Amino acid sequence: MAGAQAKGLVSVHLIHHFHGRHESPIHRLPAALKLGLALVIIVATVLAPIQWRGWFLGVAGLLVLMAIVSRLPPFFLFRRLLALSPFVLGVVLVNAYQPAGRVNWLGVAFKSVLCLLTVILVSNTTPFSQILRVLKSIRVPALLITTIALMHRYLFVLMDEAERMRRARASRTFTRGRRFHWRALATVVGQLFIRASERAERIYDAMCARGWK
Amino acid sequence: MNAAIEITNLKYRYHDGTEALRGVSFCITSGECVALLGPNGSGKSTLLLHLNGILPEKLSGDGAVKILGEPVAPEKLEAVRRQVGLVFQDPDDQLFCPTVQEDVAFGPQQLGLGDAEVAARVQKALAQVGLAGFGHRATHHLSHGEKRRVCLAGVLACEPAILILDEPTSDLDPRGRREFKALLRQIPATKLIATHDLELVVELCSRAIVLDRGSVVADGPVFELLNDEQLMLEHGLERPHILWHVHPH
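Read on for an overview of the structure. These numbers come from a predicted model, not from an experiment.

**Focus on unusual backbone geometry**
- The peptide bond linking Leu55(B) to Pro56(B) adopts the cis configuration, its omega dihedral lying at -10 degrees.
- With respect to the element layout, Pro56(B) can be found in the loop between α1 (44-50) and β4 (65-67).
- In this structure, Arg71(A) is a non-glycine residue whose phi angle is positive, near 60 degrees.
- At Glu167(B), a residue that is not glycine, the phi angle is positive and equals roughly 40 degrees.

Have a look at this one:
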């Protein structure tokens, strides 16, 4: 569990690493175009009947081509996909227990992977502030945009904080009992929640200090 | 001379009943640079949050805190926050926008300035703190020292008459500290600095106020106070080494 936490932290930082260092024709495309295209691909993928094998392979080919042009390391993309795979697994499991599910679970899994890959590609080739700008231009309510922006901003602070707490805990954990670990983890999660809400208060104060209404 | 900050018998109690401020009074004249000293938990940060009306939660406008002669009251809040720039201790609390540019622009935008004026202020503030050209950088990718300076720029962009800093040099490396001090020296605003960095106090401030357990225990010229070893030790401070080398006369 703790290992997964640490890995998650590293990979999230990697995303930003790529924003900063990587350049490609895909990175340079207008954000609005990328988001629009992603939406079209996702909606079409979800709606298309599973029998259209050729169509799905076409989309997959397009995504792979984009991934190559974007120069994102394949291993990095694979790891991101793996990190999101619980969602796919969940969808597939639910599907498998439905009357017709045993026939098409593979198709559903393929569809989900295509959608996730689309999202991963867009989010890793578009700076977050540009995504926000697009949302603003299509009139997403300002309150929602502020919430998303703050969430994105403090995700990193929270993750760093979780990681610091994990390290501090790990350096004082001498016993190996599993139950003890779970209990400690519960404390960490609780602490993180308290710290997050206290930080939220301080952030709000700081915003007010600069005239937020 | 007119008073920039006037505090009379200010009291504050936290929700859990802890008395944080027990009747604090002092007055700071316009243009002064004053250090607010005191051990951890003495009420420094709590006091600072009163200066632009973030605390108490329910502003009574009783006149315990006056900024430029005006009591901090609910209907005056906007005017007060225009005058008082508060730089928070943890830069991560203050920098909440995705990019440096947006963060520094936040204050001026809240002031209702036009786009051109906002952009001009952002550029000026970033240049002032030595971060010209940093506008597009992501705030969470800056070093701690850079974050500090962006925080300061975000407040300077609002052009406040009074600048309040909560431990501005904590966690900075010596060079960062030196540069930040030089920066502060160039800012003409009235300054109140809560800090444990006694070298900074000696170099920048003319007057110091010592707070302990929510009360003012000393208020006077920096050299006089910091040289009083017994006073310093009693209140969790010390006579800074720099005073062994500096001669006030």
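**Regarding the interface of chain A and chain B**
- Taken residue by residue, the interface counts 21 residues in chain A and 22 residues in chain B.
- Of all the secondary structure elements, the ones that give two or more residues to the side of chain A that touches chain B are α7 (128-137), α8 (142-170) and α9 (178-209) of chain A.
- Counting residues per element, the side of chain A that touches chain B draws most heavily on α9(A), at eight residues.
- Across the side of chain A that touches chain B, the residue classes break down as twelve nonpolar, four polar and five charged.

**Focus on the sheet that holds strand β10 (residues 215-221) of chain B**
All names here are of chain B.
- Across the sheet, six strands lie side by side as β6-β7-β8-β3-β9-β10; this open sheet has mixed pairing. In this open sheet, the two edge strands, each paired with only one partner strand, are β6 (84-87) and β10. When the angles between neighbouring strand axes are averaged without regard to direction, this sheet yields 15 degrees.
- In terms of strand pairing, strand β3 (residues 33-37) meets strand β9 (residues 207-212) through four bridges, oriented parallel. Residue pairing for β9: Val34 is matched across the bridge by Arg207.
- Sheet contacts for helix α6 (residues 144-156): β6 and β7 (162-166); angle to β6, the most-contacted strand, approximately 170 degrees.

Parameters and conventions
- The residue numbers shown here count from 1 along each chain, following its written sequence.
- Chains carry letters from A onward and ligands carry numbers from 1 onward, assigned in written order.
- Side-chain atom pairs in this predicted model are given and counted only at pLDDT of 80 or more, local residue features only at pLDDT of at least 70, and totals for whole chains, interfaces and linings cover all residues.
- For helices the rule is a DSSP run of H or I covering at least 4 residues; for strands it is a run of E covering at least 2, with both sets numbered from the N terminus onward.
- Note on contacts: each residue gets a C-beta atom placed from the backbone, and two residues are in contact if those atoms are within 7 Å.
- Gly falls in the polar group here, along with every residue not listed as nonpolar (Ala, Val, Leu, Ile, Met, Phe, Trp, Tyr, Cys, Pro) or charged (Asp, Glu, Lys, Arg).
- Two strands are counted as paired when DSSP detects at least two bridges linking them.
- Lines fitted to C-alpha atoms define the axes here, with helix axes fitted over just the stretch in contact, and angles between the N-to-C directions of these axes take values from 0 to 180 degrees.

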